[in-house]
Amino acid sequence: MQLKADALKKIESPGDGVKHVFISFAYEDLNEINLLRGQARNENTELEFDDHSVKDAYNSANAEYIKSKIREKIDRVSVTLVYLSANAATSQWVNWEIEESARRGKGVVGVYKGDVAPSVTPSAFKKGGYGMVRWSHEALTKAVNDASRSR
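Structure report, in brief. (Residues numbered from 1 in each chain as written. Predicted model: local features only at pLDDT ≥ 70, side-chain atom pairs only at ≥ 80, totals over all residues. Heavy atoms only, no water.)

### Some details on the overall build of the protein chain
At step 1: Assigned secondary structure in the protein chain consists of 7 helices and 5 strands.
At step 2: Seen in sequence order, the protein chain has helices and strands lined up from the N terminus as α-β-α-β-α-β-α-α-β-α-β-α.
At step 3: By the burial criterion, 45% of the 151 residues in the protein chain qualify as buried.
At step 4: Within the protein chain, contacts between residues separated by at least 24 positions form 70% of all contacts whose residues are at least 6 apart in sequence.
At step 5: With the model as given, the accessible surface of the protein chain reaches about 8,600 Å², and the carbon-plus-sulfur share is 48%. (Helix = DSSP H or I, 4+ residues; strand = E, 2+ residues; numbered from the N terminus. Buried < 20%, exposed > 50% of the residue type's maximum accessible area, 1.4 Å probe, protein only. Contact = heavy atoms within 4.5 Å. Areas by Shrake-Rupley, 256 points an atom, 1.4 Å probe, with all protein chains shown as cover.)

Here it is in structure tokens:
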């Protein structure tokens, strides 16, 4: 029990300023997400987060098993970052991850690539009224920090 309490304390306020983030995205956008992950590891930026997202697809057709594994990852974070794309807008998994993050009291923020915010977003994102920012180091850093504090 103490180990779990210590882990939760670290998630709530990591002493090093790094936020623990789950990235929700449609699998079709994996190349974009890998770029985002790489930028977050770049030591020359202020964008710092510890990514607890699913790196490899779970080898199962059992939706409840997959959900249980994703819940474990969401439980380790303070913020869910939703990559907003046309693929994500129609993804049942992205919708479920947003809903599950909200149920678990996690901050949720969306990020989009380009200069124009998407007009179509996942229904759970729209329903939750979550904020979104353009993919830039400064905007993303501020949004993740704000979402972590306001949850």
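Now that the structure has been shown, we can carry on.
### What to know about the nonpolar core
Nonpolar side chains tend toward joint burial in soluble globular proteins.
At step 1: Core analysis: the largest hydrophobic core is formed by 17 residues, its most contacted members being I23, L81, V111 and L140.
At step 2: Put simply, the parts of the chain that give this core at least two residues each are strand 1 (19-24), helix 2 (30-41), strand 3 (79-83), strand 4 (107-112) and helix 7 (137-149).
At step 3: At 4 residues, helix 7 tops the list of elements feeding residues into this core.
At step 4: Setting aside residues up to four positions removed in sequence, V111 forms contacts with L81, V82, Y83, L84, V133, R134, W135 and L140.
At step 5: If you look at the next biggest cluster of nonpolar residues, it comprises 9 residues, including V82, L84, A88 and V94. (Core = buried A, V, L, I, M, F, W, Y, C linked by side-chain atoms within 4.5 Å.)

### Brief notes about the packing of aromatic side chains
At step 1: Enumeration according to the criterion identifies 3 aromatic pairs in this entry.
At step 2: Taken together, a centroid distance of 5.9 Å and an interplanar angle of 85° make the contact between Y83 and W135 edge-to-face. Taken as a pair, Y83 in strand 3 and W135 in the loop between strand 5 (132-134) and helix 7 lie far apart in primary sequence, 52 residues in all. For the pair Y83 and W135, one class covers both residues: buried.
At step 3: The interplanar angle of 50° and the centroid separation of 5.7 Å between the aromatic rings of F125 and Y130 together place this pair among those described as tilted.
At step 4: It is K113 that lies over the ring of W135; its NZ or CZ is 5.4 Å from the centre. (Phe/Tyr/Trp six-rings, centres within 6.5 Å; stacked < 30°, edge-to-face > 60°. Lys NZ or Arg CZ within 6 Å of the ring centre and 35° of its normal.)

### Things to note about the pattern of salt bridges
At step 1: Inspection of every chain in the model, using the stated rule, returns 9 salt bridges.
At step 2: A salt bridge links R104 to D75; the nearest nitrogen and oxygen atoms lie 2.9 Å apart. Remark: D75 occurs in helix 3 (residues 63-75) and R104 occurs in the loop between helix 5 (92-103) and strand 4; sequence separation between them is 29 residues.
At step 3: On the accessibility criterion, R104 (32% relative accessible area) is partly exposed.
At step 4: Among the charged side chains, a network of salt bridges with common partners joins R71, D75, E100, R103 and R104. (Salt bridge = Lys/Arg side-chain N within 4 Å of Asp/Glu carboxyl O.)

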